[in-house]
Amino acid sequence: MYEFFNVGHTMFSLLGYPVSYMEFVGTVFGIAGVWLAAKANILTWPVGLVNIILFFLIFYQVQLYSDMFLQIYFFLISLYGWFFWDKELHQKEPIKFLSNTWKIYLAVLCTVLTFTFGYVISQLHNWFPIAFPKQAAYPYWDTFVAIASIIANTLLARRIIENWIIWIVVDVICIYLYFSKGIAFVALEFIVFLGLACYGAYHWHKLYLKQKKIAY
């Protein structure tokens, strides 16, 4: 059991890269969860919970602390999304777009929070050396990923199309970060996520046009 929850223990090697048990299982559930989200399927939430728990442990072990804390939020918003989507399925709540005012508000909020919490993350090893013995890697980029992901996942839970645009940006940054930190299998997962996010944007836009047509 210890081997499963340790990112340093190898399940198998892929092109010379040692894939840990947590990376493999977390990646499989992560891809399945994003695919279900792109299809607007409510099962995305329970499937995603497995990915969230395993990635929390992975990110702690590779010092991506912003991503680690992000998983706590993901866990809570997944429970909310699961409830909200179930409610929406019964109420026939439509897929929506953000207003221009909200787009500006969220862009400013993301920028301010990135610099604020990025600084906090960069100092964790100084303030709490026992809990965080190593300095955070890429604290500001990692924090941007965390903040943008929170916004994107909240929009996803509320069935707002722009969530996919934000996910595309996040996925591109994550691919670089995770390759840099040596968790290549997770980086490969985010390449798949990038493709699924593009598909999700396309598919949700089709659903939006379809429901708009039905409304008229």
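Remember, predicted model here, so these are calculated numbers, not experimental data.

Thoughts on the overall build of the protein chain
If you tally the helices and strands in the protein chain, you get 8 helices and 2 strands. Starting at the N terminus and walking to the C terminus, you meet the elements of the protein chain as β-β-α-α-α-α-α-α-α-α. In terms of C-alpha radius of gyration, the protein chain reaches 18 Å, essentially the compact-globule figure of 17 Å for 216 residues. Each principal axis of the C-alpha atoms in the protein chain carries an extent, and together these give about 60 × 40 × 30 Å. Counting over 216 residues, the protein chain shows a buried share of 47%. In the protein chain, once contacts between residues fewer than 6 apart in sequence are set aside, the share between residues at least 24 apart is 69%. By element, 72% of the accessible surface of the protein chain is carried by carbon and sulfur atoms, the whole surface being about 11300 Å². The positive charge centre, built from 13 side chains, and the negative charge centre, built from 10, are 13 Å apart in the protein chain.

A short note on unusual backbone geometry
Located in the positive-phi region is tyrosine 138, a residue other than glycine, with phi close to 45°. Tracing the backbone shows tyrosine 138 in the loop between α5 (124-127) and α6 (139-157). What makes tyrosine 138 partly exposed here is its relative accessible area of 32%. Positioned with a positive phi, arginine 159 is a non-glycine residue whose angle comes to about 60°.

Some points on the confidence of the model for the protein chain
Scored by pLDDT, the protein chain comes out at a mean of 87, with 93% of its residues at no less than 70. Averaged pLDDT values over the elements of the protein chain bottom out at 75 in strand β1 (residues 10-14) and peak at 95 in helix α4 (residues 100-122).

A look at the side chain of serine 78
One can find serine 78 in helix α3 (residues 65-91). There is a polar contact of 2.7 Å between the side chain of serine 78 and the backbone oxygen of phenylalanine 74. If we skip the residues at most four places from it in the chain, serine 78 touches Trp45, Leu49 and Ile52.

Let's talk about the packing of aromatic side chains
Under the definition given, this model contains 19 aromatic pairs. With a centroid separation of 6.0 Å and 50° between ring planes, the pair formed by tyrosine 73 and phenylalanine 74 is classed as tilted. Given a relative accessible area of 11%, phenylalanine 74 falls into the buried group. Relative to tyrosine 208, the ring of phenylalanine 97 lies with its centre 4.8 Å away and its plane at 90°, an arrangement referred to as edge-to-face. One end of the pair, phenylalanine 97, is in the loop between α3 and α4; the other, tyrosine 208, is in helix α8 (residues 184-215), with 111 residues separating them in the sequence. Classification of phenylalanine 97 as partly exposed rests on a relative accessible area of 39%. By way of ring pairs, the aromatic residues Phe55, Phe59, Tyr178, Phe190 and Phe193 are connected into one cluster. Just above the ring of tryptophan 85 sits the side chain of arginine 159; from NZ or CZ to the centre is 5.4 Å.

Focus: the nonpolar core
Ranked by size, the top nonpolar core spans 64 residues in total, and within it Phe59, Trp164, Tyr178, Ile183, Phe190 and Trp204 carry the most contacts. Secondary structure elements with two or more residues in this core: β2 (17-20), α1 (21-38), α2 (44-61), α3, α4, α6, α7 (163-180) and α8. At 10 residues, the largest contribution of residues to this core is made by α8. Once you skip the residues sitting within four places of it in the chain, isoleucine 183 turns out to touch Tyr17, Glu23, Ile58, Phe59, Val62, Leu64 and Tyr178.

Details of a nonpolar patch on the surface
On the surface, Ile53, Phe69, Ile72, Phe75, Leu76, Leu79 and Trp82 cluster together into a nonpolar patch covering about 620 Å² of accessible area. Note that phenylalanine 69 resides in helix α3. The class for phenylalanine 69 is partly exposed, based on a relative accessible area of 36%.

The rules behind each value
Residues numbered from 1 in each chain as written. Predicted model: local features only at pLDDT ≥ 70, side-chain atom pairs only at ≥ 80, totals over all residues. Heavy atoms only, no water. Helix = DSSP H or I, 4+ residues; strand = E, 2+ residues; numbered from the N terminus. Rg over C-alpha atoms; globule rule 2.2 N^0.38 Å. Buried < 20%, exposed > 50% of the residue type's maximum accessible area, 1.4 Å probe, protein only. Contact = heavy atoms within 4.5 Å. Areas by Shrake-Rupley, 256 points an atom, 1.4 Å probe, with all protein chains shown as cover. Lys, Arg positive; Asp, Glu negative; His and termini not counted. Charge placed at Lys NZ, Arg CZ, Asp CG, Glu CD. pLDDT = per-residue confidence, 0-100. Polar contact = N/O pair within 3.5 Å; in protein donor to acceptor, adjacent residues only side chain to side chain. Phe/Tyr/Trp six-rings, centres within 6.5 Å; stacked < 30°, edge-to-face > 60°. Lys NZ or Arg CZ within 6 Å of the ring centre and 35° of its normal. Core = buried A, V, L, I, M, F, W, Y, C linked by side-chain atoms within 4.5 Å. Patch = residues over 30% accessible without salt bridge, like charges linked within 9 Å, V, L, I, M, F, W, Y side chains within 5 Å. Salt bridge = Lys/Arg side-chain N within 4 Å of Asp/Glu carboxyl O.

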